[in-house]
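Working through the structure, step by step
The chain contents come next:
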Amino acid sequence: MVLAFGGIVVSLMQTLVIPLIPKLPALLGSSPGDTTWVITATLLASAVATPVVGRLGDMYGKRRMLLISLGLLVTGSVIAAFSDTLPPMVIGRALQGLAAGVIPLGISIMRDELPAERLGSATAVMSASLGVGGALGLPAAALLAERADWHLLFWIAAILGVVVTGLVVACVPESAVRSGGRFDMVGALGLSVALVCLLLAISKGADWEWTSGRTLGLFGAAVVVLLLWGWWELRTAQPLVDLRTTARRQVLLTNLTSIVFAFAMFAMSLVLPQILQLPTATGYGLGQSLLATGLVLVPSGLVMMATAPLSARVSRARGPKVTLMLGALIVAIGYGLGVVLMSAVWQLVIVSALIGAGIGFAYGAMPALIMSAVPVSETAAANSLNTLMRAIGTSVSSAVAGVILAHLTISFGPAKVPSHDGFRLIMGLGSGTALLAVLIAAFIPGMRSRSKPATADAHRGEVATAVS
């Protein structure tokens, strides 16, 4: 429970500033375009930190890296709490993003420390905490932003970080499973540069124009650097990411499913808040406050947490592949209903809760599939890479949805707002990509074909750890 609580606190950082976004230019004395770096800095930092921290956890101790990550979260929160201008706020948000490795590290610690009968349900809850924190954090952040000084949001984040750190020190043991070896600094720098180029182009492409030299240059740089990075990783003795392990059918297809599924999952976060807050005079907006919008999304977080243990039971009975496919199918049904159920608050509660249930099933199955296919000494790195795949999926989803909503608009007074057809298209796209995730997951090896290789890999990892 301590590790799951830590995952929820870290995921809160993703929605912490959402209620402040319209006010940030005035609060920080900057332009609307520049204040988007408050979001972008966290995205880039988390993408860079996740694979690096995972590998360092495998090498030098997962609990140690967990505490370092939480320390960065607390430091970033305090810096942001003292901020009244843009530069320190961006620095604080970047430090908060560096804590993103807490969830994959927590899952890896569970694999090392928990008995087999408890591992499935524990990792399912830990994995689902990524979505739970975001769903529960929005109404809490909205309430504080409306009723108190906005700096209080970051002070509370710092306090929560301190509490989690204390609980980890008191309750979480250090794992004895370590790979040792030398850290691949070249690989870490190469992957970091490639991810920054890729995600910066995706997140800022709409502002800079998708066909601008800056955007295309970043996409091109990302491709070139990734190719060079892959060449290096295949030739170095101790790579940051073992691409041969990553290329195994089970790991590769699980990561590909994660990207597609995360694309589908994030559509809910982009569509529902806007429909709820648009004025009723548009004919389809529901005219709700930001606080009411957050409360509508709360059931999805609660359902997500409730279905995570059920996900583990299905995985034990039928295998995590079946659980992943079931979760993606539920999400597809939820979005399909969302295409036609948009006209009342209760309808959106049902849609979001159904999608939340599917996310709980699917996110609980992903770490099980990854951990059963990699050596025990590479658990943190493999889980971190899977978490990174989800982040890439959500980033692409945000960019695609932004393009759709920017082009499908209606005139509302002097302004243009996203049209009803635009929201329906994104819901339909979410349903379609969730079905694509079902199709990809169908090719993941079944439980019987996985068991022997996984056991052998785990044994080899334990032997390597003992030798090192």
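Residues numbered from 1 in each chain as written. Predicted model: local features only at pLDDT ≥ 70, side-chain atom pairs only at ≥ 80, totals over all residues. Heavy atoms only, no water.

**A short note on the overall build of the protein**
To keep things clear, this is the line we draw: Going along the chain from the N terminus, every DSSP run of H or I of four or more residues is numbered as a helix, and every run of E of two or more is numbered as a strand. C-alpha atoms define the radius of gyration, and 2.2 Å times the number of residues to the power 0.38 defines the globule rule. Each accessible area is a Shrake-Rupley estimate made with a 1.4 Å probe; only the visible protein chains count as cover when residues are assessed. The convention is simple: Lys and Arg are positive, Asp and Glu are negative, and His and the chain ends are not counted. Charge coordinates come from a single atom per side chain, which is NZ of Lys, CZ of Arg, CG of Asp or CD of Glu.
In terms of regular secondary structure, the protein is built from 19 helices and two strands. Taking 23 Å as the expected radius of gyration for a compact globule of 468 residues, we find that the protein reaches 21 Å, a close match to that expectation. Here the C-alpha coordinates of the protein stretch approximately 70 × 45 × 45 Å along the principal axes. About 18,500 Å² of surface is accessible on the protein, with carbon and sulfur atoms providing 71% of the total. When the 28 positive and 18 negative side-chain charges of the protein are each reduced to one mean point, those points stand 8 Å apart.

**A word on the packing of aromatic side chains**
Centre distance and the angle of the planes are the two values used to describe a pair of aromatic rings. Rule in force here: Each pair of aromatic rings taken from Phe, Tyr and Trp, with Trp reduced to its six-membered ring, is defined by centres within 6.5 Å and is described as stacked if the planes are under 30 degrees apart, edge-to-face if over 60, and tilted in the remaining cases. We call a charge positioned over a ring when the NZ of a Lys or the CZ of an Arg lies within 6 Å of the ring centre and within 35 degrees of the ring normal.
A full pass over the atoms with the stated rule returns four aromatic pairs. Taking the ring centre of W208 as reference, the NZ or CZ of R214 above it sits at 4.4 Å.

**A few points about helix α16 (residues 345-371)**
Residues lying three or four places apart along an α-helix face the same way, a consequence of the helix completing one turn every 3.6 residues. So the rule is basically this: For a helix, the expected span equals 1.5 Å multiplied by the number of residues minus one. The rule is simple: take the accessible area with a 1.4 Å probe, protein chains only, and divide by the maximum for that residue type; under 20% is buried, over 50% is exposed, in between is partly exposed.
Over its 27 residues, α16 runs 40 Å from end to end, which matches the ideal 39 Å to within 8%, given 1.5 Å per residue. Along α16, 21 of the 27 residues are buried, which leaves the element largely enclosed by surrounding structure.

**Topic: helix α14 (residues 290-318)**
For α14, spanning 29 residues, the distance from its first C-alpha to its last is 41 Å, which sits close to the expected 42 Å at 1.5 Å a residue. At the C-terminal side of α14, G319 shows a positive phi close to 100°.

**Points about the pattern of salt bridges**
Stated precisely, the cut-off is as follows: By convention in these notes, a salt bridge is any Lys or Arg side-chain nitrogen within 4 Å of a carboxyl oxygen on Asp or Glu.
Going through the model one piece at a time under the given rule, you end up with one salt bridge. The closest approach of N and O atoms between D58 and K62, which form a salt bridge, is 3.8 Å.

**Side note on the nonpolar core**
The criterion, for reference: Among the buried residues, those of types Ala, Val, Leu, Ile, Met, Phe, Trp, Tyr and Cys that are joined through side-chain atoms within 4.5 Å form a nonpolar core. We call two residues in contact when some of their heavy atoms are within 4.5 Å.
Ranked by internal contacts, the top residues of the largest apolar core, which has 74 residues, are L66 and F154. Look past the residues within four positions of F154 in its chain and what remains in contact with it is L16, V17, L20, S77, A80, A81, M89, R93 and Q96. V132, M268, V271 and I426 belong to the second-largest nonpolar core, a separate cluster that totals 50 residues.

**As for the packing of α16 against helix α17 (residues 379-407)**
This is how the line gets drawn: Axes here mean lines fitted to C-alpha atoms, for a helix over just the part in contact, with angles spanning 0 to 180 degrees between N-to-C directions. If an angle is under 35 degrees, it is roughly parallel; if it is over 145, roughly antiparallel; if it lies from 65 to 115, roughly perpendicular; otherwise it is oblique. Note: crossing handedness is left-handed where the near helix turns anticlockwise from the far helix by less than a right angle, and right-handed where it turns clockwise.
Direction vectors running N to C along α16 and α17 enclose 140°, while the axes themselves pass 10 Å from each other. On the basis of the axis angle, α16 is oblique to α17. The chirality of how α16 crosses α17 is right-handed. Note on element contacts: α17 touches α16 through T379, A382, N383, N386 and R390, opposite Y363, M366, P367, I370 and M371.

**Here we look at unusual backbone geometry**
The backbone phi angle of E209 is positive, close to 80°, even though this residue is not glycine. Among the structural elements, E209 can be located in the loop between α10 (185-208) and α11 (213-235). Residue E209 is classed as exposed on the basis of its relative accessible area of 52%.

**Digging into the confidence of the model for the protein**
Here is the rule we go by: Per-residue confidence from the predictor is given as pLDDT, running between 0 and 100.
Considering every residue of the protein, the mean pLDDT works out to 83; 93% of them sit at 70 or more. Of the regions scoring below 50 in pLDDT, residues 448-468 engages in 25 contacts with residues more than four places distant in sequence or in other chains.

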